[in-house]
Amino acid sequence: MISSTSVIFLNAGQGDSTLVRFRSGKIFIIDSNRDANHSPAALKYLKRWFAETNCADIEFLCLTHPDADHYRGMPEIIQWVWDNGGKIKYLLRSPFPSGPDLVDVLDGRGKQLRRTDPKAAINGNKNEREFDKLRVLLDRVAIRTRDAGGDWHRGYGFSKLYSSDETAGAPAQLKSIAPTSRICEQYTKSLVEDFANALLAGYDLDADSTNAISCVLWFSIGVNHILLPGDATNEALEDALDFYEATDGSAAKHGAQFHIAKAPHHGAASSSSPELWRRLLLKHAAVVVSAGGNARFGHPHTETLDHIRQAKREATLYCTSMCHEHAKDLYQMPLATRSALLDSRVQTRRREGLAADNAYNGDCCFDFPAAGRPKPLPECSPIRHCKRHEGLE
């Protein structure tokens, strides 16, 4: 048996992928973007562990929402599992559009687009094919999981998804706390429209509607709690916490607070507020940002870092696009200094014409012993000086 459980926030550039490996060897994957080598970020670990165990099974696979930077690597992961005789036991996917509503909108938008912009229609057709491939694979996964005695869910509201005695008497549990039914109902119409427009126009989907319907996962490993919120918006997270605390007796007393929280939407200000972070973080929590060095997005936003500082000054920041020492220095800076520094870095990157996703640094890894608090592993800072903030000293 493996000595401890590991949670790895993978270095997936301007995207997302989280990997959990329990002491029993069971593997959970939440989202799957590609890395700098255009391979699914999780695949290097899966291949290494397969060489050790000769087992390609995935216990739990989740697509939080249908943004390309969360699913680009997922078809390859699924195919690798099947090619090596493995199976996927549990599947969770967000309630993204499908069926007649989407087909009708795609058909109407497609005809309009072909009249006005034939080139865009060609790009859109390519996007449609890529996502259709993923949807077909997910449907096949759902069928196979049921045939193998597993289960699949379309994320909607609060549900207890998984419970297993993985940590020497302290059970591992997984709950989904979002999206709530209110958020789904609020965004259903715009979701279908945004989804169809992005597929047909050939650009990556990144809209409030799709972010709002992100599955938000709550992992409990022993006494430690981890939040994996996808790209959920501030509104969606607040609504989920309100609903959870109103319906769960223990939550009403203790709240929903976490030892490790992944920053929603790569640290975007639209998914942040001081009030939200006060509700989410325990005193010495770790906040992990999964982001690339994209000058256009500039994640993590300096407003988000300031919100975290206002809420829990004792929190520790980790980021896949910068080394831990630089992340710590950046987090502790006064807001004005930090803003000026980040602005200058963005402007420099724009002037030099650097590629959008070239600021890869390393995975953020945490070790969960059988007892006690999670410990960051050395992999959190594999590169002493990261390119994005090499001038911080």
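Residues numbered from 1 in each chain as written. Predicted model: local features only at pLDDT ≥ 70, side-chain atom pairs only at ≥ 80, totals over all residues. Heavy atoms only, no water.

Enquirer: Please explain the overall build of the protein chain as it appears in this structure.
Expert: The secondary structure content of the protein chain amounts to 13 helices and 15 strands. Looking at the protein chain as a whole, 58% of its 393 residues are labelled buried. Across the protein chain, contacts joining residues at least 24 apart in sequence account for 72% of those joining residues at least 6 apart. Summed over its atoms, the accessible surface of the protein chain is roughly 16,600 Å², and 49% of this surface lies on carbon and sulfur atoms. (Helix = DSSP H or I, 4+ residues; strand = E, 2+ residues; numbered from the N terminus. Buried < 20%, exposed > 50% of the residue type's maximum accessible area, 1.4 Å probe, protein only. Contact = heavy atoms within 4.5 Å. Areas by Shrake-Rupley, 256 points an atom, 1.4 Å probe, with all protein chains shown as cover.)

Enquirer: Please clarify how helix α1 (residues 43–53) should be interpreted in this entry.
Expert: Owing to its 3.6 residues per turn, the α-helix brings residues three or four apart onto one side. Residues of α1 that are buried include every one of Leu-43, Tyr-45, Leu-46, Trp-49 and Phe-50, and no others. Summarising the axial view, the buried residues of α1 lie within an arc of 155 degrees, below the 170-degree limit, and thus occupy one face. Exposed side of α1, more than 90 degrees from the buried face: Ala-51 and Glu-52 are the residues found there. Next to the buried residues of α1 lie β1 (5–9), β2 (18–21), β3 (27–30), β4 (58–63), α3 (74–83) and β14 (364–368). In the stretch just after α1, Asn-54 is the one whose phi turns positive, near 60 degrees. (Arc of directions from axis to C-beta.)

Enquirer: Could you clarify how one ought to interpret the nonpolar core in this entry?
Expert: Most often, soluble globular proteins have nonpolar side chains that are buried together. Grouped together as the largest cluster of nonpolar side chains are 33 residues, with contacts concentrated most on Leu-19, Ile-29, Leu-46, Ile-58, Leu-61 and Ile-78. Per-element tally for this core: the top contributor is α3, with six residues. Those residues in contact with Ile-78, other than ones at most four positions away along the chain, are Leu-61, Ile-88, Leu-137, Leu-138 and Val-141. Counting 29 residues, the second-largest nonpolar core is a separate cluster that includes Leu-241, Ala-285, Ala-291 and Leu-305. (Core = buried A, V, L, I, M, F, W, Y, C linked by side-chain atoms within 4.5 Å.)

Enquirer: How should α3 be read in this particular structure?
Expert: α3 sits mainly inside the fold: seven of its ten residues count as buried. Along α3, the residues classified as buried are Met-74, Pro-75, Ile-77, Ile-78, Trp-80, Val-81 and Trp-82. One or two positions beyond α3, positive phi appears at Gly-85, with a value near 75 degrees.

Enquirer: How should the packing of aromatic side chains be read in this particular structure?
Expert: Note on aromatic pairs: each is described by the distance of the centres and the angle between the planes. All chains considered together, the criterion is met by nine aromatic pairs. Ring centres 5.1 Å apart and planes at 65 degrees place the aromatic pair Trp-218 and Tyr-244 in the edge-to-face group. Of the two residues, Trp-218 sits in strand β9 (residues 216–221) while Tyr-244 sits in helix α8 (residues 234–247), which places them 26 residues apart along the sequence. By relative accessible area, Tyr-244 is classed as buried at 3%. Counting every residue linked through ring pairs, the aromatic cluster contains Phe-22, Phe-28, Phe-60 and Phe-219. If you follow Lys-175 out to its NZ or CZ, it ends over the ring of Trp-218, 4.0 Å from the centre. (Phe/Tyr/Trp six-rings, centres within 6.5 Å; stacked < 30°, edge-to-face > 60°. Lys NZ or Arg CZ within 6 Å of the ring centre and 35° of its normal.)

Enquirer: I would appreciate a short explanation of the pattern of salt bridges in the present structure.
Expert: Should the charged atoms of two oppositely charged side chains come close, the side chains can pair. Using the criterion set out here, one finds nine salt bridges in the structure. For Asp-16, the salt bridge is made with Lys-262, and the minimal N-O distance between the two is 2.8 Å. In this pair, Asp-16 sits in the loop between β1 and β2 while Lys-262 sits in strand β11 (residues 258–262), placing the two residues 246 residues apart along the sequence. In this structure, Arg-182 and Asp-239 form a salt bridge, with 2.9 Å as the shortest nitrogen-oxygen distance. With a gap of 57 residues between them, Arg-182 in helix α6 (residues 181–201) and Asp-239 in helix α8 connect regions that are remote in the sequence. A cluster of three or more residues bridged by salt bridges with shared partners is formed by Glu-238, Asp-242, Glu-245 and Arg-279. (Salt bridge = Lys/Arg side-chain N within 4 Å of Asp/Glu carboxyl O.)

Enquirer: Can you walk me through the side chain of Ser-290 in this structure?
Expert: Along the polypeptide, Ser-290 turns up in the loop between β12 (281–289) and α11 (302–311). Taking the relative accessible area as the measure of exposure, Ser-290 reaches 1% and is therefore buried. Excluding anything up to four places from it in sequence, Ser-290 contacts Leu-10, Gly-13, Gly-15, Asp-16, His-266 and Thr-320.

Enquirer: What am I meant to see in the pairing of strand β10 (residues 224–228) here?
Expert: When a strand is regular, its side chains alternate between the sheet's two faces. For β10, the tally of buried residues reaches four of five residues, placing the bulk of the element in the interior. As judged from the five bridges shared by β9 and β10, these two strands associate in the antiparallel manner. Note that in β10 the partner of Ser-220 across the bridge is His-225. Connecting β9 to the antiparallel partner β10 that follows it, the hairpin turn spans two residues, and Gly-222 within it adopts a positive phi of roughly 65 degrees. Here two bridges tie β10 to β11, and the two strands are oriented parallel to one another. Following the sheet pairing, Leu-227 is matched in β11 by Ala-261. (Pairing = 2+ DSSP bridges.)

Enquirer: Looking at this model, I keep getting lost on the environment of Leu-237. Mind explaining?
Expert: As for its placement among the helices and strands, Leu-237 is situated in helix α8. On the accessibility criterion, Leu-237 (2% relative accessible area) is buried. Leaving out residues up to four positions away in the same chain, Leu-237 has contacts with Val-216, Pro-229, Ala-232, Pro-264 and Leu-276.

Enquirer: Would you mind going over the confidence of the model for the protein chain with me for this structure?
Expert: The predicted structure's coordinates, where accompanied by low pLDDT, should not be read in detail. Summarising the model, the protein chain shows a mean pLDDT of 76, and 64% of its residues fall at 70 or more. Within the protein chain, the lowest mean pLDDT, 53, falls on helix α13 (residues 335–352), and the highest, 96, falls on β3. Note that pLDDT drops below 50 for residues 380–385; the model gives that stretch 14 contacts with residues more than four away or on any other chain. Counted against residues more than four places away or in other chains, residues 388–393, with its pLDDT under 50, gives 23 contacts. (pLDDT = per-residue confidence, 0-100.)

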